[in-house]
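Now for the letters of each chain:
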Amino acid sequence: MLERSDLAENALQCLHDEDYDRPFNTQSLDADTMIFTGGRQGLALDGTWNFCVDLLDTGLRQKWFAMTPEAPEDRTEPWDYDPYAGETVELPSCWQMQKEKWYFFEGSAWYTRALEAGPLAPGNRRFLRVGAAQYDCKVFVNGQFLGNHYGGSTPFCAEVTEALQEGRNWIMFCVNNTRTLDRVPMRNTDWFNYGGIYREVALYETPATVIRDVFVHLADGGIRVAVTADGPATEARVEIPGLSLSLVIALASGKGEVTVPASPRLWSPETPVLYDIEATAGGDRVTDRVGFRSIERRGTDILLNGRPVFLRGISVHEDDAKLGKVTSEADIRRRFAHAKELGCNYLRLAHYPHHELAAQIADELGLMLWEEVPVYWAIDFANPATRRDAENQLRELIRRDRNRASVIIWSVGNENPDTDARLDFMKGLADLAKAEDPTRLTSAACLVNHAKLKIEDRLAQHIDVIGLNEYYGWYEEDFAELEIIGRNSAPDRPVVISETGADGDSEAGPERGLFSLAYQSEVYVRQIETLERLSYIKGMSPWILYDFRVERRQNPFQRGWNRKGLIAGDKATKKPAFAILAAHYAALARADSPEVDA
């Protein structure tokens, strides 16, 4: 049997060794192995894949990845799984949405598909790219382990140049979504723990030199262009036709940069101007569309292109009643259309990196974004492995989206207790964000000392914008405390109300009181009245645009969903509070318009 086959080596190793995962947990697929994919024509590997859930990790113990295709009648020993036959699923997808029996499944699952590969030109390279897989994804090609990736919401790449052969190949992914104490986030979260490969998978072919990163932004009165390439090329060329720029950048150890005088039209919500960019190196070519703008803080103000701006926002989760975390261009555009209807110029993408299309479309539509990594609630801040995971997720997010003018804030966490270990951990993330991208603001959803009624989070001194989650009228009762917090805190930097709101059940809620639509509306009215009196508040992103699925909320009005959405989970039914916030934002927009200033 397989437990005693050459694949599993021996019965002891297969059945009794609980260290079986160690050889497959290198976390070698990380921010440094990513390639820049803008403008590339990849081979889409979405569609039908063989699939099997694997609660006990039998596949790693028995080395399913090393099995070869064989007809059942030709097998001489029984087997627990055939990677080449059986149940199938469509990718991208979340397994919870495929079958009811998988709804609460947490563990490993295997995906397998064949790939017919043509001959590879001499010197060329091939890379697999996965847009996102929740949470640990191990990559195998033709039985060879190529590495694994931690982090459920950021993309990763694996070079498969040597592993792929001409003709038929077999690609296998082992994806595990188990909540563990060392992951980011940890066990206790307030959104649904989906599992699976839920963003696109593609294969890319490149020359010997591959462009891994291009970063273009305003700097020192001009434009800075930085290129990272891997391969024999000694220079890169960057063209920005809209600015009549043609740059040659020398590469030393694969890196090079140049800053040149330029006066681009500035991107803003009113004028979302974008410029086409082309970069080449050693025969490799990538493209992008980039907007140029400045974002900074000055005292308690947030300045966009040198002008104070109030962030009229809403928080959003990546969740769908039918598809789970799977999203699409149409879904994102619907989300942004509702935000525009609400009067938003800004959205908080909570609590993890959303699909990369979100920032690309926000660039086009003129919506500012807060993006964040899921350093959420209880994190093992003293664990170096946890810190490594968080830092890598932050790097991957920033390198993926730092050319997006719409992204104005990198957030490094949400509602964490203020301890020495946490301060060191999150200050380190804030410093890392500035090192990777000095052109944006940093933030985190900080804590209030409710005994002293004061923002007392030590992290506040190490970030640009203080995010404040407050639920007066819902989890906290006395609205007067909100004004007292401002007087007691006297913040020296801008504060954004990163969350506030109340549940309203549009399907079976009561007529009045908690969970009624009437009570949700009342909370919004009182929040608006109170926040208008606090001059240090420079934006808000109430919780939340749509109702979303979550395991921990199971009372008769929630039924497995957070009902704080201004729109129900069908993404169509607006609750009365939607109109209340829209009217407030319309008034703010009128007051902030250039005509009013004049």
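Structure first, text after, so check above.
The structure presented is a predicted model; accordingly, all values stated were derived computationally and were not measured. (Residues numbered from 1 in each chain as written. Predicted model: local features only at pLDDT ≥ 70, side-chain atom pairs only at ≥ 80, totals over all residues. Heavy atoms only, no water.)

## Examining the overall build of the protein chain
Here is step 1: Of the regular secondary structure elements, the protein chain holds ten helices and 34 strands.
Here is step 2: For the C-alpha atoms alone, the extent of the protein chain along its principal axes is close to 80 × 60 × 45 Å.
Here is step 3: Counting the 598 residues in the protein chain, one finds 59% classified as buried.
Here is step 4: Restricting to contacts in the protein chain with at least 6 residues of sequence separation, those with at least 24 account for 73%.
Here is step 5: Summed over its atoms, the accessible surface of the protein chain is roughly 23200 Å², and 50% of this surface lies on carbon and sulfur atoms.
Here is step 6: Between the averaged position of the 67 positive side-chain charges in the protein chain and that of its 91 negative side-chain charges there is a distance of 3 Å. (Helix = DSSP H or I, 4+ residues; strand = E, 2+ residues; numbered from the N terminus. Buried < 20%, exposed > 50% of the residue type's maximum accessible area, 1.4 Å probe, protein only. Contact = heavy atoms within 4.5 Å. Areas by Shrake-Rupley, 256 points an atom, 1.4 Å probe, with all protein chains shown as cover. Lys, Arg positive; Asp, Glu negative; His and termini not counted. Charge placed at Lys NZ, Arg CZ, Asp CG, Glu CD.)

## Regarding the environment of Trp102
Here is step 1: Inspection of the secondary structure assignment puts Trp102 in the loop between β3 (88-91) and β4 (108-117).
Here is step 2: Residue classification places Trp102 among the buried positions, given a relative accessible area of 4%.
Here is step 3: Here the alpha-carbon distance between Trp102 and Glu162, two residues 60 residues apart in the chain, equals 35 Å.
Here is step 4: Not counting residues up to four positions away in its chain, the partners in contact with Trp102 are Phe51, Val53, Glu87, Val89, Trp95 and Gln96.

## What about empty space enclosed by the protein?
Here is step 1: Inspection of every chain in the model, using the stated rule, returns three cavities of 30 Å³ or more.
Here is step 2: Its boundaries defined by the atoms lining it, the largest cavity holds a volume of some 210 Å³.
Here is step 3: Lining the largest cavity are 19 residues, with Gln134, Tyr135, Pro185, Trp191 and Asn193 sitting closest to its centre.
Here is step 4: Partitioning the lining of the largest cavity into residue classes produces nine nonpolar, seven polar and three charged. (1 Å grid on protein atoms, 1.4 Å probe; cavity = no way out; pocket = protein on both sides within 12 Å on 5 of 7 lines; lining within 4 Å. Points joined across faces, edges and corners; volume = space filled by probe spheres on them. Nonpolar A, V, L, I, M, F, W, Y, C, P; charged D, E, K, R; others polar.)

## Brief notes about the packing of helix α3 (residues 329-342) against helix α4 (residues 356-365)
Here is step 1: Interhelical geometry of α3 versus α4 gives an angle of 45 degrees and a closest axis separation of 10 Å. Classified by the angle their axes make, α3 and α4 are oblique. The crossing of α3 and α4 is right-handed. Within the contact between the two elements, α3 uses Glu329, Ile332, Arg333, Phe336 and Lys340 and α4 uses Leu357, Ala358, Ile361, Ala362, Glu364 and Leu365.
Here is step 2: Class assignment for the residues of the contact of α3 with α4 results in seven nonpolar, no polar and four charged. (Axes fitted to C-alpha atoms, helices over the stretch in contact; angles between N-to-C directions. Parallel < 35°, antiparallel > 145°, perpendicular 65-115°, else oblique. Left-handed = near helix turned anticlockwise from the far one by under 90°.)

## Here's the deal with α3
Here is step 1: In this model α3 runs 20 Å from its N-terminal to its C-terminal C-alpha over 14 residues, within 8% of the 20 Å that 1.5 Å per residue would give.
Here is step 2: Of the positions making up α3, those classed as buried are Asp331, Ile332, Arg335, Phe336, His338, Ala339 and Leu342. All buried residues of α3 fall inside an arc of 155 degrees around its axis, so they share one side.
Here is step 3: A positive backbone phi angle near 95 degrees is found at Gly343, which sits one or two residues after α3. (Expected span 1.5 Å × (residues − 1). Arc of directions from axis to C-beta.)

## Topic: the packing of helix α8 (residues 517-531) against helix α9 (residues 576-592)
When two helices pack together, their arrangement is given by the angle between the helix axes and by the axis-to-axis distance.
Here is step 1: Contact pair α8 / α9: the axes reach a minimum separation of 8 Å and the direction vectors enclose 15 degrees. Taken together, α8 and α9 sit at an angle that is classed as roughly parallel. The two elements α8 and α9 cross, and the hand of that crossing is right-handed. Side by side, α8 and α9 meet where Leu517, Gln520, Ser521, Tyr524, Val525 and Ile528 of the first sit next to Pro576, Ala577, Ile580, Leu581 and His584 of the second.
Here is step 2: Looking at the contact of α8 with α9 residue by residue, the class counts come to eight nonpolar, three polar and no charged.

## Details of the sheet that holds strand β23 (residues 311-316)
Here is step 1: Spatial ordering of the closed barrel is given by β23-β24-β25-β26-β27-β30-β31-β32, a layout of eight strands whose pairing is parallel. If you compare each strand with its neighbour and ignore which way they point, the axes differ by 30 degrees on average.
Here is step 2: Of the pairings in the sheet, the one linking β23 to strand β24 (residues 346-349) comprises four bridges and is parallel in character. Among the inter-strand pairings, Val316 is bridged to a residue of β24, identified as Leu349. (Pairing = 2+ DSSP bridges.)

## Comments concerning the sheet that holds strand β9 (residues 156-159)
Here is step 1: Pairing is antiparallel across the open sheet formed by four strands, whose spatial order is β1-β12-β5-β9. Edge strands, defined here as strands with exactly one partner in the open sheet, are β1 (43-44) and β9.
Here is step 2: As judged from the six bridges shared by strand β5 (residues 125-130) and strand β12 (residues 201-206), these two strands associate in the antiparallel manner. Each bridged residue has a counterpart across the sheet, and for Arg129 the counterpart in β12 is Ala202.

## Concerning the environment of Arg335
Here is step 1: Locating Arg335 in the fold gives a position in helix α3.
Here is step 2: Through-space distance from the C-alpha of Arg335 to that of Thr280 is 35 Å; in sequence the pair is 55 residues apart.

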